[in-house]
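# Working through the structure, step by step
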Amino acid sequence: MDEEYKKEQFETLKIKSSVAKKFRRFSRAMSKSQSISLLLMLEFFEDNGISPTESMGPKMQTLENLIKKRINGVIAILKDIEKGQTKPTVAMMQSLFQEAEPKKQPLILEKKNTEEKQPKYQERNQQDS
């Protein structure tokens with residue numbers, strides 16, 4: 001028994017013997033005293049707002065559907081952020097960096113004569129004169 005409840009008195013409850021046996025097996029499986037096991041069960045039902053007579057099926061399915069809707073909402077928000085903010089910003093940044101690259105221009109000292117200039121004056125052959 002837990003130290004908190006050591007000084008408290010025991011009370012008797014009238015329950016059927018088959019239920020008592022089942023409860024004792026359950027308490028031993030949990031490695032708790034019967035009082036603590038019963039207290040844990042009561043707190044569980046109170047904290048979760050459920051009744052032992054209700055079926056957990058619809059509540060669990062409702063909770064699962066709610067979680068799925070929330071997750072789908074988060075996914076939609078993330079996709080919207082990606083389309084509306086991230087992709088346009090990346091495109092603008094890329095265009096800025098592409099324009100900012102300096103164009104390669106030859107140095108002033110470096111002159112390359114790729115064309116051969118024709119002389120302006122041609123010499124006459126001596127035979128033509």
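Residues numbered from 1 in each chain as written. Predicted model: local features only at pLDDT ≥ 70, side-chain atom pairs only at ≥ 80, totals over all residues. Heavy atoms only, no water.

Okay, the confidence of the model for the chain next. When pLDDT is averaged along the chain, the result is 80; 78% of the residues meet or exceed 70. The element-level mean pLDDT for the chain is lowest in helix α3 (residues 56-100), coming to 83, with helix α1 (residues 17-30) highest at 92. (pLDDT = per-residue confidence, 0-100. Helix = DSSP H or I, 4+ residues; strand = E, 2+ residues; numbered from the N terminus.)

Looking now at the layout of surface pockets. Taken as a whole, the largest pocket encloses approximately 720 Å³ of empty space. Lining the largest pocket are 20 residues, and of these E11, L13, Q34, S35 and L38 lie nearest its centre. Elements supplying a minimum of two residues to the lining of the largest pocket: α1 and α2 (34-48). Of the residues forming the lining of the largest pocket, the biggest block, 7 residues, is contributed by α2. Of the residues in the lining of the largest pocket, the class split is 13 nonpolar, 4 polar and 3 charged. (1 Å grid on protein atoms, 1.4 Å probe; cavity = no way out; pocket = protein on both sides within 12 Å on 5 of 7 lines; lining within 4 Å. Points joined across faces, edges and corners; volume = space filled by probe spheres on them. Nonpolar A, V, L, I, M, F, W, Y, C, P; charged D, E, K, R; others polar.)

Before going further, it helps to examine a positive patch on the surface. A cluster of basic side chains, namely K21, K22, R24, R25 and R28, defines a positive patch on the protein surface. Its location among the elements puts K22 in helix α1. (Patch = residues over 30% accessible without salt bridge, like charges linked within 9 Å, V, L, I, M, F, W, Y side chains within 5 Å. Areas by Shrake-Rupley, 256 points an atom, 1.4 Å probe, with all protein chains shown as cover. Salt bridge = Lys/Arg side-chain N within 4 Å of Asp/Glu carboxyl O. Lys, Arg positive; Asp, Glu negative; His and termini not counted. Charge placed at Lys NZ, Arg CZ, Asp CG, Glu CD.)

Side chains that are three or four residues apart share a direction in an α-helix, a result of its 3.6 residues per turn. Across its 15 residues, α2 extends 21 Å between first and last C-alpha, which sits within 8% of the 21 Å expected from 1.5 Å per residue. G49 lies just past α2 and shows a positive phi near 65°. (Expected span 1.5 Å × (residues − 1).)

With that settled, consider the environment of P88. Considering the arrangement of structural elements, one finds P88 in helix α3. What makes P88 partly exposed here is its relative accessible area of 33%. For P88, the contacting residues outside a window of four places in its chain are E82 and K83. (Buried < 20%, exposed > 50% of the residue type's maximum accessible area, 1.4 Å probe, protein only. Contact = heavy atoms within 4.5 Å.)

Together, M60, L63, L66, I67, I71 and I75 line one region of the surface with nonpolar side chains, adding up to about 530 Å² of accessible area. With respect to the secondary-structure elements, I75 resides in helix α3.

Let us now look at α1. Taking 1.5 Å of rise per residue, 14 residues should cover 20 Å, and α1 covers 20 Å from first to last C-alpha, within 8% of that figure. Within α1, the full set of buried residues consists of A20, F23 and S27. The buried side chains of α1 occupy one side of the element, clustering within an arc of 65° when seen end-on. Facing away from the buried surface of α1 by more than 90 degrees, the exposed residues are S18, K21, K22, R25, R28 and A29. Buried-residue contacts for α1 involve α2. (Arc of directions from axis to C-beta.)

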